[in-house]
Every structure is written in C-alpha cells, then in structure tokens.
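The lines below spell out each chain.
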Amino acid sequence: MEASGSDSGFNKMFKVFKLDRFDGSNFTRWKDKLLFFLTELGIAYLLSSDLTAMPEPTAEDSDEIKAARKKREDDEVRCRGFILNSLSDRLYDLFRPHKSPQEIWKALEQKYTALKQGTDRFLGMKFFEFQMIDGKSVMEQVDELLVLISRLKDFKVDVSESLQVAAILAKLPATWNDYRKKLLHSSEDFNVDQLTKHIRIEEESRKCENKYAAETSSKVNYVESSKANNSGKSENKAGKKRKFEAAPKENSSNIKKGPCYTCGKMGHLREIVDFVRDRKMKKMLDRRG
C-alpha cells in the first residue's frame, strides 16, 4: 500500500484534524480540510498551479541541487500517499493509476467541480424552501440554514448579512411566532451572531420552562391519583362493614299447624292463649278484691 511506513502516523493525524475519507460528496469541504492537513505537513506546495519543475539531473549538479531534488521526490511520494489514503476504497482504486500528486489533484478537481454545474440553482431553491419545524432543536436548524448559505457562497452566490437575519426570522417554526414579532418590532439591529445568541438563550429558557411545567404536572397528577386511591380505599372499607340483618319475621308458614295443647283449638300459639288467660285471671282477682 502507498506510504505504508507512515500509516500509523497518518491515522493519528487524521484523528487530530478530524478528516473524513472522501466518498464523492462535499468535495469543497474535504478539499479545504486536506489542504490544511498537507500544509501542516509542509507538502501542500506540490499542488500549487505555479510549481516550478525540477531540472533534469546532470553530472554537474551541485550537492545542494541533488538534495533539493531528493526532497522533492520524497515529498511527492508522501503527498501522493496522503491524498490516496484520504479517499474511500472505491475512489482509491479509481485514482491510484495516477503517478503524481498533481495528476491526482487535477483529476479530482475536474471530476467533482464539473458535478457542481447546476448545483447553485438547486441550493438556491433549497434555501428558499427551507422551513424550520417544531420537535427539533431550533439552533440545529439555524446551523443547517447557515451551512446552506455557506455552500451558496462557494458558488459565488452572495447572501448579505441583513438577508441572512431576515431569512432566519422568517423560517422560525410556528410556535415561535410571538418571539419573531417581538424581534421584528425591536429597534435594535442584529447581525447573525447576535441573533443566534438571542435564539440560543430563548431556546434554553423554553426548555427549562417546559421541564418545570412537566415536573409540576407530574406532581399534581400524583397527588390527585393518591387522593383518588385513598377515596377508593375508604369506600371499599365502608362497603366491607358488616351488615346485621334483622331476624326473619315469623309468618303464617312458620306457625305450627295442629291444635293448641292448652285449649285444644286450631291456628294459634300457646303464648297467645296463656296471655289471654292471664288477663282474665287478673280481672277476676281485681273484682274480688
């Protein structure tokens, strides 16, 4: 593999610079990161369009010229290896036949710069159609819009500062209508940085308010649920109280049939007969007395 002796150091540098391997998308971003990476390594000069070619070696070359030629050759090997290793496996195989870093770089620019044709119109349409939604961080969506504006600038489409501010305000979600009106009626002039700062503070404030409201609602629901449970328990206890039923009244079906064993008559109890007899005896005694 190319530049295999420096693979370990290359991977460490990748982590430090957070350089993703290029897979065919976001060429401009990858190109800028890689150029910075190669500049730090001191070999980005090889990709310059006005790079002077080294003269052919001759017997009269001084040690200084020989050393410069040797350094150029070593730098080209390193630069070619770093560029190839920053590509995905598919693109690595595609651009590997090119023998110099300059050839690889020109081939990449020709292929992926040509793909940009018409992209500026597509990005412009995307910019006008962009609309923030509820349920997603507003600051994340503001960043997405600013990235879109940055990509438009790559295509020489300039979006002024005041237009960026107006676009951010116009594209805020529906739940931010009151906040948007407040800023529109404000006499203060905002730039993009100031506006994003205001929005960040507002979003954090809303998060805190929603969290407090949710916690309060949860506590209220818990108290109401506890009261309902206690009320239910009380009703259950009241419902479980022992009920004393009155003894069943005797009816005609409970009266034993047959003659009274005191008077011999049918259809009455002995107690009734005894009561009547006692009353008669009492009256007779009262008369005698």
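Residues numbered from 1 in each chain as written. Predicted model: local features only at pLDDT ≥ 70, side-chain atom pairs only at ≥ 80, totals over all residues. Heavy atoms only, no water.

## Some points on the packing of aromatic side chains
Consideration 1: With the rule as written, the count across this model stands at nine aromatic pairs.
Consideration 2: Each ring, one from F37 and one from F82, has its centre 5.7 Å from the other, and the planes form 85 degrees; the classification is edge-to-face. With a gap of 45 residues between them, F37 in helix α2 (residues 27–41) and F82 in helix α3 (residues 63–85) connect regions that are remote in the sequence. There is no split in this pair, since F37 and F82 are both buried.
Consideration 3: Arranged with centres 5.3 Å apart and planes meeting at 90 degrees, the rings of W176 and Y179 form a pair that is edge-to-face. (Phe/Tyr/Trp six-rings, centres within 6.5 Å; stacked < 30°, edge-to-face > 60°. Helix = DSSP H or I, 4+ residues; strand = E, 2+ residues; numbered from the N terminus. Buried < 20%, exposed > 50% of the residue type's maximum accessible area, 1.4 Å probe, protein only.)

## Quick notes on the side chain of R69
Consideration 1: With respect to the secondary-structure elements, R69 resides in helix α3.
Consideration 2: Residue R69 is classed as buried on the basis of its relative accessible area, which comes to 12%.
Consideration 3: Not counting residues up to four positions away in its chain, the partners in contact with R69 are M54, P55, E56, P57 and D61. (Contact = heavy atoms within 4.5 Å.)

## Section: unusual backbone geometry
Consideration 1: One non-glycine residue with positive phi stands out, namely N26, at about 55 degrees.
Consideration 2: Its place among the elements puts N26 in the loop between α1 (7–17) and α2.

## Things to note about the packing of helix α6 (residues 119–129) against helix α7 (residues 138–154)
Consideration 1: Two elements in contact, α6 and α7, have axes whose closest approach is 10 Å; the angle formed by their N-to-C orientations is 150 degrees. Judged by the inter-axis angle, α6 sits roughly antiparallel to α7. The crossing of α6 and α7 is left-handed. Note on element contacts: α7 touches α6 through L145, L148, I149, R151 and L152, opposite D120, L123, G124, K126 and F127.
Consideration 2: Each residue belonging to the contact of α6 with α7 can be placed in one class, and the counts come to six nonpolar, one polar and three charged. (Axes fitted to C-alpha atoms, helices over the stretch in contact; angles between N-to-C directions. Parallel < 35°, antiparallel > 145°, perpendicular 65-115°, else oblique. Left-handed = near helix turned anticlockwise from the far one by under 90°. Nonpolar A, V, L, I, M, F, W, Y, C, P; charged D, E, K, R; others polar.)

## Remarks on the confidence of the model for the protein
Consideration 1: Taken over all residues, the pLDDT of the protein has a mean of 80, while the share at 70 or more is 71%.
Consideration 2: Averaged over each element, pLDDT in the protein is lowest for α1 (58) and highest for helix α8 (residues 161–170) (94).
Consideration 3: Taken together, the stretch residues 1–5 has pLDDT below 50 and engages in 12 contacts with residues farther than four places along the chain or on a different chain.
Consideration 4: Of the regions scoring below 50 in pLDDT, residues 252–256 engages in two contacts with residues more than four places distant in sequence or in other chains. (pLDDT = per-residue confidence, 0-100.)

## A few points about the packing of α7 against α8
Angle between the axes and distance between the axes: these two values describe a pair of packed helices.
Consideration 1: Where α7 meets α8, the closest approach of the two axes is 11 Å, and the angle between their N-to-C directions is 145 degrees. Remark: the crossing between α7 and α8 carries right-handed chirality. In this structure, α7 contributes V142, L145, L146, I149 and K153 to the contact, and α8 contributes Q164, A167 and I168.

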